[in-house]
Amino acid sequence: MNTNDLFDVVGATWPAAKETQVGPWLIRDGQGGGKRVSAARPVGPVSQNDVALAVAEMEKLGQPALFSLRPEDGQLDSILAQMGYEVLDPSILFIGSLFEEAVPPVTAFDIWPPLQIMKDVWSEGGIGPGRIAVMERVTGPKTSILGRISDRAAGCAFVAMHGATAMVHAVEVLPDYRRHGLARNMMYAAARWAKEQGAEHFSLVTTGSNVAAQSLYSSLGLSVVGRYHYRMKP
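Below is a summary of the structure that appears in this document. Numbering of residues begins from 1 in every chain and follows the order in which that chain's sequence is written. Only residues with pLDDT of at least 70 get local features here, since the model is predicted, and only at 80 or more are side-chain atom pairs given and counted; chain-wide, interface and lining totals rely on the full set of residues. Note that the side-chain values use all heavy atoms of the structure and ignore hydrogens as well as water.

Overview of the pattern of salt bridges
- The salt bridge definition used is simple: a Lys or Arg side-chain nitrogen within 4 Å of an Asp or Glu carboxyl oxygen. Counted under the stated rule, the structure contains seven salt bridges.
- Where D77 meets R231, a salt bridge forms, and the shortest distance between an N and an O atom there is 2.5 Å. Placement of the pair is D77 in helix 3 (residues 74–82) and R231 in strand 11 (residues 223–232), with a sequence separation of 154 residues. Like R231, D77 is buried.
- The salt bridge partner of K195 is E100, with a shortest N-O separation of 2.8 Å. With K195 in helix 6 (residues 182–196) and E100 in the loop between strand 5 (86–97) and strand 6 (108–111), this pair connects stretches of sequence that are 95 residues apart.
- With a 1.4 Å probe rolled over the protein chains alone, any residue whose accessible area is under 20% of its type maximum counts as buried; one over 50% counts as exposed, and the rest are partly exposed. By relative accessible area, which is 45% here, K195 ends up partly exposed. For helices the rule is a DSSP run of H or I covering at least 4 residues; for strands it is a run of E covering at least 2, with both sets numbered from the N terminus onward.

Here it is as structure tokens:
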């Protein structure tokens, strides 16, 4: 699987409400679902004059002028930098073979639709109704993972399939329960569910600043295969 294929997995497992091509741009209507579903993407060569078109289309949607940039978008990246757009959330794509590890009893479960307690955990981490709506829009196989520790719900994640690849999104563990292995057990549960769906690959996206997540994913045998970042005017 090449990096572009993995970006297709991202789009299918974390979809915008609507995508429209306007000139050389793919405009995403995110409806409050976060940067990943609301940032504009170039679909052809663009110049500085084209930026205003994308900005106008995003303004129509009530969204800030936000652009998603991959390594091959170097020219656009330079144009936006010169226009005063600042880098946000450098992100990393991980993928690897499906791993099989036993899930310790009463620690992690796959549940769909997510329970209210899971939505509460997500909400504490800033994952609100707009992102829950993104999960609901996914049309392929999907589920949520409930993580438990110290006799309480303390973590959750979302996992969905595109082709033979499972991708995990919205991993959240409450601060007081981090560094106790809960996120790892949630990944084991996600991989178990993915295997039941016939997955061959397991993938995730995390921000470059999330060193703990990167360490976990590397320890699971996943490798970095791509990067991207956003630019937005302050």
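Some points on the environment of L76
- You can see L76 is positioned in helix 3.
- Here L76 falls in the buried class, since its relative accessible area comes to 4%.
- A sequence separation of 86 residues divides L76 from H162, and the C-alpha atoms of the two residues are 29 Å apart.
- A contact between two residues is defined here by any heavy atoms of the two lying within 4.5 Å. Each residue touching L76, except ones within four places of it in the same chain, is listed here: W25, P42, V46, V51 and L69.

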